[in-house]
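Each chain, letter by letter, is given below.
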Amino acid sequence: MTVPTGRRERKKAVTRRKIADAALRLFLERGYDAVGIRDVATEADVAVTTLFSHFASKEALVFEQDEDFEQRVMQAVTDRAPHEPLIPALRREIQALVRHCTADSAAPIWRLIDESPALREYEESMRLRHAESLATAIAADSDRTATACRAIARFVIDAYSLAREAADPKAAVDEIFRMIEAAWEVTYPSANSTGTAGP
């Protein structure tokens, strides 16, 4: 997680964390649908306007690590070592993220999400947004087509979701990334400027 540097940023991060913790506590105790925004604000001892300055919606309260996740997968592309292949770098990051989300402490949160149509819909829209951000990072780093970059990015983001539901998450990540790597290799430009097949 990105560590805030300035005093103002640290204070905002503390308030955000307090709100997210209060929301999760209430959601797990009472159920997602039984808790309103005002309930969360009261529990966190903040104004409703303060809550909305940190979270755009009720659903976003459950996905407090949303921005951190997106940054991490993008940084797996942009911050990897010189000459390190792209797909192994992404596999390593997804593997680390899956380890975190499959810890025993995360199980109640995923049950909460799975039981709520609103949260499942939000998670789906979030995955699409993460995939678009990742595709942009991949496109800036490679000579593949925009379509290839978007397809691979979606595969990578979906790998996270599929692996967290698997009986053996680590094996699932490895299996999925073998397919992703094969797909990435066949997208390498093989045609010359006239559009005829190359050697």
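In short, a report on the structure.

What counts and what doesn't
- Residues numbered from 1 in each chain as written.
- Predicted model: local features only at pLDDT ≥ 70, side-chain atom pairs only at ≥ 80, totals over all residues.
- Heavy atoms only, no water.
- Buried < 20%, exposed > 50% of the residue type's maximum accessible area, 1.4 Å probe, protein only.
- Helix = DSSP H or I, 4+ residues; strand = E, 2+ residues; numbered from the N terminus.
- Arc of directions from axis to C-beta.
- Contact = heavy atoms within 4.5 Å.
- Core = buried A, V, L, I, M, F, W, Y, C linked by side-chain atoms within 4.5 Å.
- Polar contact = N/O pair within 3.5 Å; in protein donor to acceptor, adjacent residues only side chain to side chain.
- Axes fitted to C-alpha atoms, helices over the stretch in contact; angles between N-to-C directions.
- Parallel < 35°, antiparallel > 145°, perpendicular 65-115°, else oblique.
- Left-handed = near helix turned anticlockwise from the far one by under 90°.
- Nonpolar A, V, L, I, M, F, W, Y, C, P; charged D, E, K, R; others polar.

### Some thoughts on helix H2 (residues 37–44)
- Every buried residue of H2 is accounted for by Ile37, Val40, Ala41 and Ala44. The arc enclosing the buried residues of H2, seen along the axis, measures out at 100 degrees, which places them on a common side. Across from the buried face of H2, at angles greater than 90 degrees, the exposed residues are Arg38 and Thr42.
- Each element contacted by the buried residues of H2 is listed here: helix H1 (7–30), helix H3 (48–54) and helix H4 (58–62).
- Where H2 terminates, the next one or two residues include Asp45, which has phi positive at roughly 60 degrees.

### Focus: the nonpolar core
- Judged by nonpolar contacts, the single largest core of 56 residues is most densely connected at Phe27, Val40, Leu90, Ile94, Ile138 and Phe177.
- Ignoring anything within four residues of it in the chain, the contact list for Phe27 reads Tyr32, Val35, Val40, Lys58, Leu61, Val62 and Leu112.

### Thoughts on the side chain of Arg144
- When you line up the elements, Arg144 lands in the loop between helix H8 (117–141) and helix H9 (146–164).
- A distance of 3.1 Å separates a polar side-chain atom of Arg144 from the backbone oxygen of Trp184.
- There is a polar contact of 3.0 Å between the side chain of Arg144 and the side chain of Thr187.

### A closer look at the side chain of His54
- Within the secondary structure, His54 sits in helix H3.
- When residues no more than four places from it in sequence are discounted, the contact partners of His54 are Lys12, Thr15, Arg16 and Ile19.

### Side note on the packing of H1 against helix H7 (residues 107–114)
- Contact geometry of H1 with H7 gives a least axis separation of 11 Å together with a crossing angle of 70 degrees. On the basis of their axis angle, the class for H1 and H7 is roughly perpendicular. Note that H1 runs across H7; the crossing there is left-handed. Side by side, H1 and H7 meet where Leu24, Phe27 and Leu28 of the first sit next to Pro108, Ile109 and Leu112 of the second.
- The residue inventory of the contact of H1 with H7, partitioned by class, reads six nonpolar, no polar and no charged.

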